Amino acid sequence: TEMDRVHGSTNFIEKAPLPDAILSSVVAAEIWPEARFVFSKRRAIECIESRRRIFGFLPFSDHLEHWAQTMEAWEMVRERLHPSSYAIVDQIDIANSPSKVAYQLGALIDLPSQQVGELEAYFRNHTPQRTSKGDDYKNTYGLDSIGWPEYDREMFLSRCGGLMQRFGYSFDDTYYLSSSTSVDA
């Protein structure tokens, strides 16, 4: 196939796609009807703080825009993909519920149970991208405790607040709006 020729495999993974790449998923699904997509998301507070640590030279507003545009792109794409062609995974769920996430992804791509177990083991032994140093990658931050200046907090709420709520995220250290785990938003 063309994927074999271009990528040397029928599998292709884009770890951190820009919004345009997410939007192109609809075209990819038309070209490759058997394609499967995993939207791996992260709450804005942790994502933006991580980006600030890695890309500190960029203005705060750039980090807000990156997160917001990514989430908006997914909102548009999700409506156009068949529900059986994608899974939504929150990074914190990989850390806190590796078995659940491994099963979810295994079901999406028809992995044999042995490979689901291997994926779960991988999730248990390899930490996801983390905002903080050390082993506290499962920790979350609240908007009140993150230490951003008031002006940045106001910008954050203006640009990302509505999206945070639509995706079921809280503004405190509970991460989600309800006590349940990630909503498939």
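Reference entry: report on the structure contained in this document. (Residues numbered from 1 in each chain as written. Predicted model: local features only at pLDDT ≥ 70, side-chain atom pairs only at ≥ 80, totals over all residues. Heavy atoms only, no water.)

## Section: the overall build of the chain
When you go through the chain residue by residue, the secondary structure sums to 9 helices and 2 strands. Counted from the first residue to the last, the chain has its helices and strands arranged as α-α-α-β-α-α-β-α-α-α-α. Going through the 185 residues of the chain one by one, you find that 42% of them count as buried. By sequence separation, contacts in the chain at least 24 residues apart represent 67% of the contacts at least 6 residues apart. By element, 52% of the accessible surface of the chain is carried by carbon and sulfur atoms, the whole surface being about 10,800 Å². (Helix = DSSP H or I, 4+ residues; strand = E, 2+ residues; numbered from the N terminus. Buried < 20%, exposed > 50% of the residue type's maximum accessible area, 1.4 Å probe, protein only. Contact = heavy atoms within 4.5 Å. Areas by Shrake-Rupley, 256 points an atom, 1.4 Å probe, with all protein chains shown as cover.)

## Section: helix α5 (residues 60-78)
In this model α5 runs 28 Å from its N-terminal to its C-terminal C-alpha over 19 residues, within 8% of the 27 Å that 1.5 Å per residue would give. Burial in α5 covers these residues: F60, H63, L64, W67, A68, T70, M71, A73, W74, E75 and V77. On its buried face, α5 sits against α2 (19-23), α3 (25-31), β1 (37-41), α4 (44-54), β2 (86-90) and α9 (150-166). (Expected span 1.5 Å × (residues − 1).)

## Thoughts on the nonpolar core
With 34 residues, the main nonpolar core has I48, W67, W74, F156 and C160 as its most contacted residues. Taken together, the elements giving at least two residues each to this core come down to α3, β1, α4, α5, β2 and α9. Not counting the four nearest positions on each side in its chain, C160 is found in contact with A44, I48, L64, W67 and A68. The next biggest cluster of nonpolar side chains, apart from the first, holds 9 residues, and it includes V89, L105, V116 and F123. (Core = buried A, V, L, I, M, F, W, Y, C linked by side-chain atoms within 4.5 Å.)

## Some details on the environment of E120
Within the secondary structure, E120 sits in helix α8 (residues 113-125). A sequence separation of 18 residues divides E120 from A102, and the C-alpha atoms of the two residues are 5.1 Å apart. Discounting residues that sit within four places of it in the chain, E120 has contacts with P98, S99 and A102. In this structure the side chain of E120 is engaged in a polar contact, spanning 2.7 Å, whose partner is the side chain of R124. (Polar contact = N/O pair within 3.5 Å; in protein donor to acceptor, adjacent residues only side chain to side chain.)

## Some details on the side chain of K41
Considering the arrangement of structural elements, one finds K41 in strand β1. Classification of K41 by relative accessible area gives buried; the value is 2%. At 3.4 Å, the side chain of K41 forms a polar contact with the side chain of D90.

## Re the packing of aromatic side chains
Under the counting rule described, the total for this entry stands at 9 aromatic pairs. Seen in terms of ring centroids, Y169 and Y176 are 6.0 Å apart; in terms of plane orientation they differ by 15°. Their pairing is stacked. With a relative accessible area of 7%, Y176 lands in the buried category. Here the aromatic rings of Y175 and Y176 are separated by 4.9 Å at their centres, their planes lie at 85°, and the arrangement is edge-to-face. Each member of the pair, Y175 as well as Y176, carries the same accessibility label: buried. An aromatic cluster is present here, built from F39, W74 and Y86 joined pairwise through their rings. (Phe/Tyr/Trp six-rings, centres within 6.5 Å; stacked < 30°, edge-to-face > 60°.)

## Remarks on the environment of S145
As for its placement among the helices and strands, S145 is situated in the loop between α8 and α9. Along the backbone, S145 and D173 are 28 residues apart, and their C-alpha atoms lie at a distance of 8.6 Å.

## Digging into the pattern of salt bridges
Tallying each qualifying case throughout the model produces 10 salt bridges. Close ionic contact of R153 with D144 constitutes a salt bridge, the shortest N to O distance being 3.1 Å. On the basis of relative accessible area, D144 is assigned to the exposed category, the value being 70%. A single salt-bridge network, built from bridges that share partners, covers E49, R52 and R53. (Salt bridge = Lys/Arg side-chain N within 4 Å of Asp/Glu carboxyl O.)

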